[in-house]
Amino acid sequence: MRIFRLTNKGWVGNFAIINNKTYVLLSDPITALKIYSEGKDIPLGPEVSISLDDLLNRDYTFKDLRFTKPYDPPEVWGSGIVYEVARARYSEEDVAIIKGRTIYELVYDAERPEIFFKGTANRCVGHGEPIAIRTDSEWTLPEPELGVVIDSSGKILAYTISDDVSARDLEAQNPLYLPQSKIYNGSCAIGPFLVTPDEIGNPYSLDISMRIIRNGQVIYEGSINTSRMRRRIEDQIKYLIRNNSVPDGTLLSTGTAIVPGKDKGLKHSDIVEITITKLGTQRTPVVKLNL
Ligand code: DO4
Ligand code: MG
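Residues numbered from 1 in each chain as written. Chains lettered and ligands numbered in written order. Predicted model: local features only at pLDDT ≥ 70, side-chain atom pairs only at ≥ 80, totals over all residues. Heavy atoms only, no water.

A. Expanded view of the coordination of the magnesium ion (ligand 2). Within the protein, the atoms that donate to the magnesium ion (ligand 2) are Glu143 (OE), Glu145 (OE) and Asp164 (OD), at distances of 2.0 to 2.1 Å. Summarised as a motif, the one-chain spacing of the donors to the magnesium ion (ligand 2) is E-x1-E-x18-D. Taken as a pair, Glu143 in the loop between strand 12 (140–141) and strand 13 (144–150) and Asp164 in strand 14 (residues 156–164) lie far apart in primary sequence, 21 residues in all. (Donors = N, O, S within 2.8 Å, 3.2 Å for Na, K, Ca; no water. Helix = DSSP H or I, 4+ residues; strand = E, 2+ residues; numbered from the N terminus.)

Right under this line is the structure:
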């Protein structure tokens, strides 16, 4: 099953695609995913005929029906330094060292993963909606990641594309600024779809790719396969929920391995395009916040 949401002038509707047919979904997405994961029938309304290709080409400036985030995650968390390339984070900068090794090298090899709070639904945007550069950041990067939606026991209910947009200059200044680098309005993009585990199969065989487009030109392109994840997703979830109650529908963003350089920092009106096998393509315009 795939779940998505459409919006039009304040109205938001839930939809489910099952066996290539699209239906109105009569419950909220988290309830539907829970029911589906128990093998029961989810509450469906009538079948509808809509052109997804057409809708996926619209962005937030479109004054009619368009995509929005596929659900409102009550909590979003991130995992860090999950892939080998992430181990070299800030290798060209002054980076915090403990006993002769950078904090990123240490956490890559440690048993305990880096798990950080990433935000709540109001910081997240959906497909076609703007991700943001903070007013006080000159170097912000997208982080294309596999997102997993879990229930309160840690069971995986669905997968999605997540963009852990990060003000990298703040994090580079001092690791204690990580929350400000990671959590602000428009710092997380999810969707377009939530896709259930039966449709995804092996989550360690998915291609993740990203393009940054500026004035119609591709200025950055990168890709990775999730087979390169050093930390299993179950291990990340185990640490996330240890002594830490999370609500049903919590989203965990499982770390990036696609790292554009310092010269590829996002600029106002760029477009970020992230594609993951079986999850589709997430396209988000970039805005520089100005308040
Ligand atoms: O420690 C910084 C954050 C790392 C991160 O977000 C990632 O590896 O994806
Ligand atoms: Mg990240």
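B. View of the packing of aromatic side chains. This structure, assessed with the given rule, holds seven aromatic pairs. Between the aromatic rings of Tyr90 and Trp139, the centroid separation amounts to 6.1 Å while the plane-to-plane angle is 85°, which identifies the pairing as edge-to-face. Of the two residues, Tyr90 sits in the loop between strand 6 (76–80) and strand 7 (97–98) while Trp139 sits in the loop between strand 11 (131–133) and strand 12, which places them 49 residues apart along the sequence. Side by side, Tyr90 and Trp139 carry an identical accessibility label, which is buried. (Phe/Tyr/Trp six-rings, centres within 6.5 Å; stacked < 30°, edge-to-face > 60°. Buried < 20%, exposed > 50% of the residue type's maximum accessible area, 1.4 Å probe, protein only.)

C. The arrangement of helix 7 (residues 233–241) in detail. When we look at burial in helix 7, the residues that qualify are Ile233, Gln236, Ile237, Tyr239 and Leu240. The arc enclosing the buried residues of helix 7, seen along the axis, measures out at 165°, which places them on a common side. Buried residues in helix 7 make contact with strand 6, strand 9 (114–119), strand 13, strand 14 and strand 20 (250–253). Residue Asn243 follows helix 7 closely and has a positive phi angle near 55°. (Arc of directions from axis to C-beta. Contact = heavy atoms within 4.5 Å.)

D. Spatial organisation of the sheet that holds strand 22 (residues 280–288). Spatially, the five strands line up as an open sheet ordered 11-22-21-18-19, and their pairing is mixed. Either end of the sheet is taken by a strand with one partner, and the two such strands are strand 11 and strand 19 (217–225). Across the sheet, the axes of successive neighbouring strands diverge by a mean angle of 20°, strand direction being ignored. Bridge analysis of strand 11 against strand 22 gives three bridges, and the strand direction is parallel. Looking at strand 22, one finds that Ala132 is bridged to Val287. (Pairing = 2+ DSSP bridges. Axes fitted to C-alpha atoms, helices over the stretch in contact; angles between N-to-C directions.)

E. Representation of the site of ligand 1 within the structure. Around ligand 1 there are 15 residues in total, and Ile81, Glu114, Glu143, Lys182 and Thr256 lie nearest to it. Within the side chain of Asp164, one N or O atom sits 3.0 Å away from an oxygen atom of ligand 1. Here an oxygen atom of ligand 1 sits 2.7 Å away from a polar atom, N or O, in the side chain of Lys182. Judged by its atoms lying within 2 Å of the grid points, ligand 1 is housed in the largest cavity. Elements supplying a minimum of two residues to the shell around ligand 1: strand 6, strand 9 and helix 5 (178–182). (Near = heavy atom within 4 Å. Polar contact = N/O pair within 3.5 Å; in protein donor to acceptor, adjacent residues only side chain to side chain. 1 Å grid on protein atoms, 1.4 Å probe; cavity = no way out; pocket = protein on both sides within 12 Å on 5 of 7 lines; lining within 4 Å. Sits in = over half its atoms within 2 Å of the grid points.)

F. Empty space enclosed by the protein, seen in detail. Counting across every chain of the model gives one cavity of 30 Å³ or more. Quantified by volume, the largest cavity comes out at close to 100 Å³. The wall of the largest cavity is formed by 17 residues, among which Gly80, Ile81, Arg89, Glu114 and Glu143 lie closest to the centre. Of all the secondary-structure elements, those providing two or more residues to the lining of the largest cavity are strand 6, strand 9 and helix 5. Its residues assigned to classes, the lining of the largest cavity shows six nonpolar, four polar and seven charged. (Points joined across faces, edges and corners; volume = space filled by probe spheres on them. Nonpolar A, V, L, I, M, F, W, Y, C, P; charged D, E, K, R; others polar.)

G. Geometry of the environment of Thr135. Relative to the assigned elements, Thr135 resides in the loop between strand 11 and strand 12. Given the relative accessible area of 39%, Thr135 is considered partly exposed. Thr135 sits 145 residues away from Gly280 along the chain, and the two C-alpha atoms are 31 Å apart.

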